[in-house]
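The primary structure of each chain is shown beneath.
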Amino acid sequence: MNPLSEIRARFSTTLSGMVEDPANLLSMIRPAGDSKFGDYQANCAMPLGKQLSKSPREIASEICESVQLDGLCQKIEIAGPGFINLTIDDDWLKNGLTAALVNERLGVTQVSEPKTFVIDYSSPNVAKPMHVGHVRSTFIGDAISKVLRFVGHTAISDNHLGDWGTQFGMIIYGYKHFLEEGAYQQEPVAELGRLYKYVRKLMDYHAAVKRLPELEAAQEELKSKQADLESTDSEGDKKAEKQLKKQLRQLRSKIEDQAQAVVELKAKISEVDGDAGLARDASAHPNITLNAQLETAALHEGDATNQGLWEKFLPLCREDMQKIYDRLDIEFDYELGESFYHNELANVVSDLTDKGYTKESDGAICVFLDNHNAPMIIQKRDGAYLYSTTDLATIKYRMEKWNADACLYVVDHRQSEHFEKLFDVARLWGFGEVELAHVAFGTVMGPDGKPYKTRSGDTVGLSGLLDEAESRALEIATNQNPELTEDRHREIANVIGIGGLKYADLSHNRGSDYEFSYEKMLALRGNTATYLQYSYARVQGILRRTEADVESIRTNPGEFIFENAVERQLGLKLIRFGEALDEVLVEYKPNVLCNYLFELSQLFAQFFDKCSVKDANSEDLKKSRLQLCDLTARTIRGGLELLGIGVLDKM
RNA sequence: GCCCCGAUAGCUCAGCUGGAUAGAGCAAUUGACUUCUAAUCAAUAGGUCGCAGGUUCGAAUCCUGCUCGGGGUGCCA
């Protein structure tokens, strides 16, 4: 039991005697903003005062008289307009720490009503190389799953692979026309990757050739519009002048964007034109885009050849993808991709239609929703199904198979409108009970403040990114501890490199964009994985040097002693691990856990500085400090584990 | 056009379901290694929480308007 829920439980009794539903008031009990006010503060007297037409301080004293905090709080004070400041009783804290010490779960209680969560994350397109954009979904989803499981829920992780999309049409087309047999025999996945990129290039080329003149014409038009505006006289009208300036500014930025686009198109064209082989294939395959689409369509319609190729390619691609997941140490319970649902799509449409929810519009089958202008299209004019159709089939499956209480979609924030519509349609369809949540996240930015790209403008490939992270980590590990063996350096590099990458991602509020930087990610100081891992290693150093018998500490604990103020602070922080986990799950925010672990590590560093274990002036104090050390190490290790990050005994 | 999101220290970011004097890290300045790992700690400095109103005991947080930026916007995923 963590202090906060214990305090709330006690207040609950009192408050329910005063109002009908105290839930809102209970949420106003929180950790104190400033430690001089105590450990926790209850802010419920102020609003209650208004509600009951009494002075808040009067209410506060009524609450204080009635609430049973014996044994839990040693100090209860009313301050300011009616704050109730609470200080946790030292004996209660010590008992709690002892309970955590002897408990494998560090004293974190399991939820009383376990629920079943289905978490949909990572979800890359197979056969396309994974890139930096996939890391957030993967890390955040994995961390949320682990926290859910730890607190006692059932979390089913499901990697909703894009394994049925247009990329297979492209690869099939490539296979039929551009295959290099020898390369395919030797390294089939690499050859398929090459084919994908090759077809992509040719498609981009034709699109660029078509688009370039249009864009240049549009550019001219904008420029003449700009000239017009520049010569317009606002005749001293300030409002008109402001308007004009704004339009001009917008126009200039649009022109700039277009100029950039023109440069990119030209680069794509010249890349093909400059290569004899590419140029030849480009002119020999003028309709490659359409034909690749037709290959996809043929696959979907059950064409035997394409079906056979798909069945041959898919395992190869998945195996390749698995290598990345292995490096990241990410596992899924299920990997039911889009292809898994393709036979259900027609049923989705017919069922919704039978129930009267669909409407035909411009030949497409749509579900119109009150709060959205555009409908959700579930079948295209040409009869093909869409992402939305698959997602609906997926919800149905997840409800029927797992009877989920909640489905979480860890997906890019740009798709929020899609999910709003999806959830509305799902509820309309009859899935009203399940919690459907889009756990959205922001973009990974480069140092220029734009989405992280390579210099040439391509997305950053994930495997190269991991290589870079590890090689930089290796350099740091080698510099930091030159005396260790190369194998040890590699092991350290792996743990701090991958850990640093994950932590950099998870420690940011998922909703915001963040700037990616190898330097910051692997920085030795600050809110980084390295700092937390180092704290853990320092504890292990203490345990080694004092030759502590950790087993006996855990099975036969002594009393906790708070000699120095920081020991109490550390103890209080340790006991609040469960609060941090609860907090993570309120809005599915792993950064809450990162912050907790960082603060814990900072307190430990202070403790390390001020409170020697080895030279403690009594055996009892030494034992108490060893207990704090052991609990700190286990909390850091356990917390990092929930984030998918490892630790090292020495680094 | 319409919809959504953002703007907090020089930089990168927390905090946002209203709470007391707005926090951290980096960078800057200063101090601490014969010491359980200095991949550390202590200290100083740094702010009109985009702007203007409003709601109230109390606003970075809620509401309205504005400015700037990003994203989305019927047959891609």
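Residues numbered from 1 in each chain as written. Chains lettered and ligands numbered in written order. Predicted model: local features only at pLDDT ≥ 70, side-chain atom pairs only at ≥ 80, totals over all residues. Heavy atoms only, no water.

**Student:** Explanation requested: the packing of helix H20 (residues 529–545) against helix H25 (residues 619–642) in the structure shown.
**Tutor:** Between two packed helices, both the angle of their axes relative to each other and the distance between the axes serve to describe the pair. The contact between H20 and H25 brings their axes to 9 Å, and the two run at 145°. Crossing of H20 over H25 shows left-handed handedness. Taking contact as the criterion, the partners of Leu532, Gln533, Ser535, Tyr536, Val539, Gln540, Ile542 and Leu543 in H20 are, on H25, Leu626, Cys629, Ala633, Ile636, Arg637 and Leu640. When grouped by side-chain class, the residues that make up the contact of H20 with H25 number 10 nonpolar, 3 polar and 1 charged. (Axes fitted to C-alpha atoms, helices over the stretch in contact; angles between N-to-C directions. Helix = DSSP H or I, 4+ residues; strand = E, 2+ residues; numbered from the N terminus. Left-handed = near helix turned anticlockwise from the far one by under 90°. Contact = heavy atoms within 4.5 Å. Nonpolar A, V, L, I, M, F, W, Y, C, P; charged D, E, K, R; others polar.)

**Student:** Would you explain the packing of aromatic side chains in this entry?
**Tutor:** Given two aromatic rings, one states the distance between the centres and the angle between the planes to describe the pair. Per the counting criterion, the structure on display carries 24 aromatic pairs. With 4.9 Å between their ring centres and 55° between their planes, tyrosine 334 and tryptophan 402 make a pair best called tilted. Taken together, the positions of tyrosine 334 in the loop between helix H13 (304–328) and helix H14 (345–354) and tryptophan 402 in helix H15 (residues 387–402) put the pair 68 residues apart, joining distant regions of the chain. By relative accessible area, tyrosine 334 is classed as partly exposed at 30%. (Phe/Tyr/Trp six-rings, centres within 6.5 Å; stacked < 30°, edge-to-face > 60°. Buried < 20%, exposed > 50% of the residue type's maximum accessible area, 1.4 Å probe, protein only.)

**Student:** Would you explain the pattern of salt bridges in this entry?
**Tutor:** A pair can form between side chains of opposite charge whenever their charged atoms are brought close. Under the criterion given, the structure shown has 39 salt bridges. A salt bridge links lysine 268 to aspartate 204, with the shortest nitrogen-to-oxygen separation between them at 3.9 Å. Here aspartate 204 lies in helix H9 (residues 188–231) and lysine 268 lies in helix H10 (residues 238–273), a separation of 64 residues in the sequence. When its relative accessible area of 37% is taken as the criterion, lysine 268 is described as partly exposed. A salt bridge links arginine 490 to glutamate 486, with the nearest nitrogen and oxygen atoms 3.1 Å apart. Here the residue arginine 490 and the residue glutamate 486 both occupy positions in helix H18 (residues 486–506), the gap between them amounting to 4 residues, near one helical turn. According to the relative accessible area criterion, glutamate 486 is exposed, its value standing at 52%. (Salt bridge = Lys/Arg side-chain N within 4 Å of Asp/Glu carboxyl O.)

**Student:** Is there a simple way to explain the domain arrangement of chain A in this structure?
**Tutor:** In many reports, interface size means the accessible area that the parts give up when they come together. Assigned domains of chain A: these are domain 1 (3–88), domain 2 (116–159 + 332–441), domain 3 (166–303) and domain 4 (462–642). For domain 1 and domain 2, the distance between their C-alpha centres works out to 42 Å. (Domains from an automatic or database assignment.)

**Student:** Sorry, what's going on with empty space enclosed by the protein here?
**Tutor:** Over the atoms rolls a probe the size of a water molecule, and in doing so it shows where empty space is left. According to the stated counting rule, one finds 1 cavity of 30 Å³ or more in the structure shown. Lining the largest cavity we find Lys36, Phe37, Gly38, Lys75, Glu77, Asn85 and Thr87. Broken down by secondary-structure element, the contributors of at least two residues to the lining of the largest cavity are strand E3 (73–79) and strand E4 (83–88). Within the lining of the largest cavity, the residues separate by chemical class into 1 nonpolar, 3 polar and 3 charged. (1 Å grid on protein atoms, 1.4 Å probe; cavity = no way out; pocket = protein on both sides within 12 Å on 5 of 7 lines; lining within 4 Å. Points joined across faces, edges and corners; volume = space filled by probe spheres on them.)

**Student:** Hey, could you run me through the nonpolar core in this one?
**Tutor:** Nonpolar side chains tend to gather and get buried jointly when the protein is soluble and globular. Among the nonpolar cores identified, the biggest contains 162 residues, and Phe11, Ile88, Phe313, Leu408, Phe516, Leu593 and Leu643 are the most heavily contacted of them. The leading source of residues in this core is H9, at 11 residues. Beyond its immediate chain neighbours, meaning those up to four positions away, leucine 593 contacts Val147, Phe577, Leu581, Val584, Gly639, Leu642 and Leu643. Val349, Ile378, Trp402 and Phe419 belong to the second-largest nonpolar core, a separate cluster that totals 30 residues. (Core = buried A, V, L, I, M, F, W, Y, C linked by side-chain atoms within 4.5 Å.)

**Student:** Could you clarify how one ought to interpret the environment of threonine 528 in this entry?
**Tutor:** Along the chain, threonine 528 falls in the loop between helix H19 (518–521) and H20. Its relative accessible area of 5% is what places threonine 528 among the buried residues. What threonine 528 contacts, discounting residues up to four positions off in sequence, is Tyr503, Lys520, Met521 and Ala523.

**Student:** Any chance you could explain the sheet that holds strand E9 (residues 376–379) here in plain terms?
**Tutor:** Note: strands within a sheet are paired through backbone hydrogen bonds, in either parallel or antiparallel orientation. On the basis of which strands lie adjacent, the open sheet formed by 3 strands has the order E7-E8-E9 and antiparallel pairing. Looking at which strands have only one partner, the edges of the open sheet turn out to be strand E7 (359–361) and E9. Pairwise comparison of adjacent strand axes, ignoring direction, gives a mean angle of 50° for this sheet. Relative to E9, strand E8 (residues 364–367) runs antiparallel, the two sharing 3 bridges. Within the sheet, the bridge partner assigned to isoleucine 365 lies in E9 and is glutamine 379. (Pairing = 2+ DSSP bridges.)

**Student:** Help me understand the protein's contact with RNA strand B, please; the structure alone is not making it clear to me.
**Tutor:** Close to RNA strand B lie 65 residues, the nearest being Lys36, Asn85, Arg249, Lys380 and Tyr534. The sugar and phosphate moieties of RNA strand B supply 60% of its atoms located within 4 Å of the protein. Contacts to RNA strand B include glutamine 41, whose side-chain N or O atom sits 3.2 Å from a base nitrogen. Listed by contribution, the elements that provide at least two residues to the surface near RNA strand B are helix H3 (45–52), E4, H10, E8, strand E13 (514–515), H20 and helix H24 (591–610). Of the residues in the surface near RNA strand B, the class split is 25 nonpolar, 19 polar and 21 charged. (Near = heavy atom within 4 Å. Polar contact = N/O pair within 3.5 Å; in protein donor to acceptor, adjacent residues only side chain to side chain.)

**Student:** Could you clarify how one ought to interpret H20 in this entry?
**Tutor:** Three or four residues apart is the spacing at which side chains of an α-helix point the same way, because the helix has 3.6 residues per turn. Between its first and last C-alpha, H20 extends 24 Å over 17 residues, near the 24 Å set by a 1.5 Å rise per residue. Within H20, 13 of the 17 residues are buried, which leaves it mostly tucked inside the rest of the structure. Just past H20, the residue glutamate 547 takes up positive phi, approximately 50°. (Expected span 1.5 Å × (residues − 1).)

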